[in-house]
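Topology and contacts: notes
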Amino acid sequence: MKVLLTGLAVSLLALAPAIANQVAPRPTAQTAPQPTESFNVVGTEPFWNMTIDKTGITYSTPDTQKTTFPSVAPLSAQGRPGDNVRVYPLKGKTSGNLVIRQGACSDSMSDRKYDYSATLILGNTVKEGCAFKK
């Protein structure tokens, strides 16, 4: 019996490289992620604006020049539909994140209703706003 088990173990070890080669994923070339949707994001008190499209993510306020971040595909929450929450990583002189969540939003300055709320975290600053698909 011991000889039979030893022979079986040796046979399985001999097959292991062949099995590993069949199951191992092959490396693929990665391309730069691109957003699939375009959004306008607006905030009040203080006023700020962001646009998201295939050319990039642009942030502006009435007081500052526009800041453009590279175009990226958003991250989504694990186990949730992609439309529930999107997180856009912002990389540049100032890093941060833009989070867009599906759900009713009002900008507090008008009666306009939006389908998405937004949170902008830029450096040590957090701003709230609303968003809509372009």
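A few points on the structure.

Basis of the calculations
Residues numbered from 1 in each chain as written. Predicted model: local features only at pLDDT ≥ 70, side-chain atom pairs only at ≥ 80, totals over all residues. Heavy atoms only, no water. Disulfide = S-S within 2.5 Å. Helix = DSSP H or I, 4+ residues; strand = E, 2+ residues; numbered from the N terminus. Buried < 20%, exposed > 50% of the residue type's maximum accessible area, 1.4 Å probe, protein only. Phe/Tyr/Trp six-rings, centres within 6.5 Å; stacked < 30°, edge-to-face > 60°. Lys NZ or Arg CZ within 6 Å of the ring centre and 35° of its normal. Contact = heavy atoms within 4.5 Å.

What follows concerns the state of the cysteines. As enumerated under the stated definition, the model contains one disulfide in all. Two residues share a disulfide in this structure: Cys105 and Cys130, whose sulfurs sit 2.0 Å from each other. Torsion about the S-S bond of the Cys105 and Cys130 cystine: about -70°, corresponding to left-handed handedness. Within this pair, whereas Cys105 is found in strand E7 (residues 96-106), its partner Cys130 is found in strand E9 (residues 125-133), the two being separated by 25 residues in sequence. Taking the relative accessible area as the measure of exposure, Cys130 reaches 1% and is therefore buried.

Moving on to the packing of aromatic side chains. For the coordinates displayed, the defined rule picks out three aromatic pairs. Where Trp48 meets Tyr59, the ring centres are 6.4 Å apart and the plane angle is 40°; that geometry is what we call tilted. A residue pair is termed long-range when its members are at least 10 positions apart, and Trp48 in strand E2 (residues 48-53) and Tyr59 in strand E3 (residues 56-60) qualify at 11 residues. Of the two residues, Trp48 and Tyr59, both sit in the buried class. In this structure, Arg112 is placed above the aromatic ring of Phe132, and the distance from its NZ or CZ to the ring centre is 4.5 Å.

Bringing the environment of Thr58 into the picture now. Positionally, Thr58 belongs in strand E3. As for Thr58 and Thr68, which are separated by 10 residues in sequence, their C-alpha atoms are 4.4 Å apart. Excluding its chain neighbours within four sequence positions, the residues that come into contact with Thr58 are Asn49, Met50, Thr51, Lys66, Thr67 and Thr68.

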